[in-house]
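# Working through the structure, step by step
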Amino acid sequence: MLPRDLKPEQFSGYPPEARRLVTGYIGALQRLPLSFVPSLLREVIDYDFKFPVERKAVEKELANLKSLSAEQIDTWFQAFARIQLSPKLESFDWINAPAQFVEQLSSYLWTTHQLDGFRTAAMGYAGRLQAAVPVEPPAMPRLGITVVGQGVGMYEEALFRKLRPHGAYFSRVKPENGLNQLLGAVSARAKANPVAYGHWYIDGGVAAEHDSAVTCVSYGALEPARVTLLRKIQSESGRPGMGPEALRTVMAQLRPADLGLGKASMGNASPDAVLDRFQMKVLTEGSGTQIFSTTFAQWTAREALRRAQPLTLLVRFAPRQRQKPMNELLSSTSDRVELDPVGSLMDGDMGAYYNWLNQQRLPGADQSSFLVWFEGHGEAVAVGPSMARGTVSNSVAEIGQLLSWMS
Amino acid sequence: MELACNRREFLRTAAGLTLGGTLLGSSRLVRAATVPKRKKVVVITFGGGARDQETFAAEGQENIPHLMKDLIPQSTFFTQVVNRGILGHYVATASLATGVYETINNFASLPPEHPTAFEYFRKDLKRPASDAWVVAPSNGFNRIGESNHRSYGSGLGARVLLPKHLLTAATSGGRDFEHLLRDNYETPFYAPELGGGEIELEQLEQILKLSVNEFKKKALTLSSPDELSVYIARQLMKQMAPSLLWVTMHDIDIAHAGAYSLYIEGIRRTDRLCADLWKTIQSEPEYAGNTTLFILPDFGRDSDDDSGGNGFQHHRTGDALSRTTWMMAMGAGIREGVVFDRPIEPTDLVPTLGSMLGFSASFAQGKPIGELL
């Protein structure tokens, strides 16, 4: 089955809005190579569960593809057309299972040494798309905040080494009531610019009290889902012939309800199908998110930035469980979870850098600001157009002052 | 090339190395002992991928103090080893062992398709099975000792020791030790069915001369699978003194779980364990003065700058940083304190071993590395 043979009725298994969208662009899709189309359909099939920003992006991309002339299609996609695919891939049901096709395609590209060619083709396409479909600037300059080091007392090593060159380092921030001040700032921004999924709070532990207008995802609230998922993984892994790729396929077929998500009792006033799907994907697609809270916090932030492109994002790292050494592994099973606050601080330090990097990939980066703070302590780095790079301040400052200097 | 230039500068300033190609004459060449002992080679694969910024870059050198201070000054160091194959640990290590970019399924327990260095070594030099060994921490590596190539038969390769398997057998398995069979942190519950080549529990005593109790007691003092592997490797060196020994380390692969501190801890531990093995080589009578040690990662990890990846966590993008890594050689016949920038490939290792030990790697894709011969 090749894209040129696409027909509207083949999308009958798609969710309603996705079906409505894609059937308006069959003609455009028919002109494209198989090495490209399933990647796009992987986005389209989830349209009903996408954040508003993502929906707009998919709509604009499809509209752009429709507008291209035959010559432009040749130019834009010649690198994709050069990718040789196997008969097995061509006969795969890539319309209804585009994500699984992309997984198999990835494996095939590695095996046939075509991955570098595909990567070049993909980057070329992304560049052309960005030039053809200008992105809208954000409704207000973005603000990212990362809080690290919960539960750490003394710490002698230098923090924020990767971020310091990009902003101002403060050594004497008054820590009292710091988290509440930051949550208050997020709430104020959410009130000033009430955009759906525009303002987020991600907590690697149990979420602190926060404004209900803020989208909240926490490791603590997802514990029942994580436990259910780990049990499912264990039981699937015990089946004969189950391998990592087959396991990934099983996980890709899970629905939020399979993990107990989607109930009003999960702390939400009402189920949110879009957020439930997001949370499920964080747990099923993010390596390590099920077992280490620091990985959960960083990956969730990465996905929130990439997909929802929030105007405000506050990420708070919490202590993760300790990796168990061999003598403990050998001695007994223990259900007691021991935490590693210092290791978690190191994770959060790098995680903060990655949060800033990912925020800077979004439109309006030149106006965006970023703050990282060692919770309960005086160290922070503030990055933004109004902050001098590579500077150090040893003056006493309030967190609220840092936020106002950054805005 | 930019990566190579950075590495070269870091190493020159921090480890006091000189550029290869210009000062060869003045670099000390480690000569073999005057009484000719049989040449031996030990290969260590460094852990499952580590990036420059956590190792040889200025900010990363604090994580590899033993490599920087002890090993590199005694080595010939190659700054650009470019892996053009599949960036999966088992298939990449198999490629290192065969000198061919293998395309076998990374997650299946399959032998390489092309002859391994162990098969070339044993067939050409008529060496017994006891003279070539692999110590691997991961169950997925159990078939790496020999290929299914038609020109070589079953039993003509290296014997493979899986320390985790030994330990599980010694402790009678059970739910308490399921984590010991954890292959990697990306697929924590996956363990392919083991088949062929692994040593049975009853050989623990015959080959390694260890009682079960002794083994268990020692294992309790160790903190990681790679520490267990090095303990087993050292025991093997004492008892069997194989001429070709391959040790695959894997602790750094914890990076897949996304915890940066554990990735750094893995690098630091691997650094220390490499130094430990080098000390063993220098102190064991069968190895001192006649052994060449190679240390090299299978590949790197993704760059922070590629939005398709998640930085250190994985090696999925195929970008330059994930493909480009390094290699050091030290010991008998190797010049000390020299750096070479020209790109080489991991497939060059097996032909080089062939030139050193006297076997022909006839099916390998790579070429012997002249700077080491």
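Please read these numbers as outputs of a predicted model, since none were measured by experiment. (Residues numbered from 1 in each chain as written. Chains lettered and ligands numbered in written order. Predicted model: local features only at pLDDT ≥ 70, side-chain atom pairs only at ≥ 80, totals over all residues.)

### Comments concerning the overall build of chain B
Tallying secondary structure elements over chain B gives 11 helices and 9 strands in all. Here chain B holds 373 residues, and the buried ones make up 59% of them. Excluding contacts between residues fewer than 6 apart, the proportion of contacts in chain B whose partners are at least 24 apart in sequence is 75%. (Helix = DSSP H or I, 4+ residues; strand = E, 2+ residues; numbered from the N terminus. Buried ≥ 20, exposed ≤ 12 C-beta atoms within 10 Å, placed from the backbone. Contact = placed C-beta atoms within 7 Å.)

### Description of the packing of helix α5 (residues 163-170) of chain B against helix α8 (residues 225-239) of chain B
Residues and elements named next belong to chain B. For the pair α5 and α8, interaxial distance at closest approach is 9 Å and the crossing angle is 90°. With respect to their mutual orientation, α5 and α8 come out roughly perpendicular. Residues P163, K164 and L167 of α5 form the contact with α8, whose participating residues are P225, L228, S229 and I232. (Axes fitted to C-alpha atoms, helices over the stretch in contact; angles between N-to-C directions. Parallel < 35°, antiparallel > 145°, perpendicular 65-115°, else oblique.)

### Some thoughts on the nonpolar core
Judged by nonpolar contacts, the single largest core of 206 residues is most densely connected at V372 and A380 of chain A together with Y263 and L277 of chain B. For this core, the element with the most residues is helix α9 (residues 260-283) of chain B, which contributes 10 residues. Looking at this core, you find at least three residues from each of domain 1 (3-132) and domain 2 (143-222 + 268-406) of chain A. (Core = buried A, V, L, I, M, F, W, Y, C linked by C-beta atoms within 7 Å. Domains from an automatic or database assignment.)

### Quick word on unusual backbone geometry
Residues and elements named next belong to chain B. Not every positive phi belongs to a glycine, and K126 is a case in point at roughly 55°. Note that K126 resides in the loop between α4 (117-125) and β4 (132-135). Backbone geometry at K209 places phi at a positive 55°, although glycine is not the residue there. Relative to the elements of secondary structure, K209 occurs in the loop between α6 (201-208) and α7 (212-219). Residue class for K209 comes out partly exposed when judged on the 13 C-beta atoms lying within 10 Å of it.

### What to know about the sheet that holds strand β4 (residues 199-203) of chain A
Residue and element names in this part refer to chain A. The strand order across the open sheet built from 8 strands is β5-β4-β6-β1-β9-β10-β2-β11, with neighbouring strands paired in mixed fashion. Strand pairing shows two members of the sheet lacking a second neighbour, β5 (215-218) and β11 (391-393), which therefore form its edges. Each neighbouring strand pair of the sheet contributes to a mean axis angle of 15°, computed without reference to strand direction. Direction of pairing for strand β1 (residues 143-148) relative to strand β6 (residues 312-316): parallel, over a ladder of 5 bridges. Pairing of T146 across the sheet is with V315, part of β6. (Pairing = 2+ DSSP bridges.)

### Considering α8 of chain B
All names here are of chain B. If you check α8, its first and last C-alpha atoms are 21 Å apart, about what 15 residues at 1.5 Å a residue would give, namely 21 Å. Within α8, 12 of the 15 residues are buried, which leaves the element mostly enclosed by the surrounding structure. For α8, every residue scored as buried is listed here: P225, D226, E227, L228, S229, V230, Y231, I232, A233, Q235, L236 and M237. Phi turns positive, to about 45°, at A241, one or two residues after α8. (Expected span 1.5 Å × (residues − 1).)

### Some thoughts on the confidence of the model for chain A
In the predicted model, chain A carries a mean pLDDT of 92, and 94% of its residues have values of at least 70. Throughout residues 325-334 of chain A the model reports pLDDT below 50, and contacts reaching past four residues in sequence, or to other chains, amount to 15 contacts. (pLDDT = per-residue confidence, 0-100.)

### Some thoughts on the pairing of strand β2 (residues 40-45) of chain B
Residue and element names in this part refer to chain B. Counting buried residues in β2 gives 6 out of 6 residues, a clear majority hidden from the surface. Going residue by residue along β2, you find K40, V42 and I44 tucked away on one face and V41, V43 and T45 tucked away on the opposite face as well. Alignment of β2 against strand β7 (residues 291-296), held across 6 bridges, turns out to be parallel. Paired with V41 across the two strands is T292, which belongs to β7.

### Section: the pairing of β7 of chain B
All names here are of chain B. Within β7, 6 of the 6 residues are buried, which leaves it mostly tucked inside the rest of the structure. Residues T291, L293 and I295 line one face of β7 and the alternating positions T292, F294 and L296 line the opposite face, and both faces are buried. Pairing geometry for β7 and strand β8 (residues 324-331), over 4 bridges, is antiparallel. Within β8, the position partnered with T292 by the bridge is G331.

### Considering the domain arrangement of chain A
It is common to report an interface's size as the accessible area lost on association of the parts. Residue and element names in this part refer to chain A. Taken as a whole, chain A is organised into domain 1 (3-132) and domain 2 (143-222 + 268-406). Domain 1 puts 5 residues into the contact, and the matching count from domain 2 is 8 residues. A per-class count over the side of domain 1 that touches domain 2 returns 4 nonpolar, no polar and 1 charged. (Nonpolar A, V, L, I, M, F, W, Y, C, P; charged D, E, K, R; others polar.)

### Side note on the packing of helix α3 (residues 37-44) of chain A against helix α7 (residues 98-111) of chain A
When two helices pack together, you describe them by how their axes are tilted relative to each other and by the distance separating the axes. Residue and element names in this part refer to chain A. Contact pair α3 / α7: the axes reach a minimum separation of 8 Å and the direction vectors enclose 145°. At the point where α3 passes α7, the crossing takes the left-handed sense. Taking contact as the criterion, the partners of P38, S39, L41 and R42 in α3 are, on α7, P98, A99, F101 and V102. For the contact of α3 with α7, the per-class residue count stands at 6 nonpolar, 1 polar and 1 charged. (Left-handed = near helix turned anticlockwise from the far one by under 90°.)

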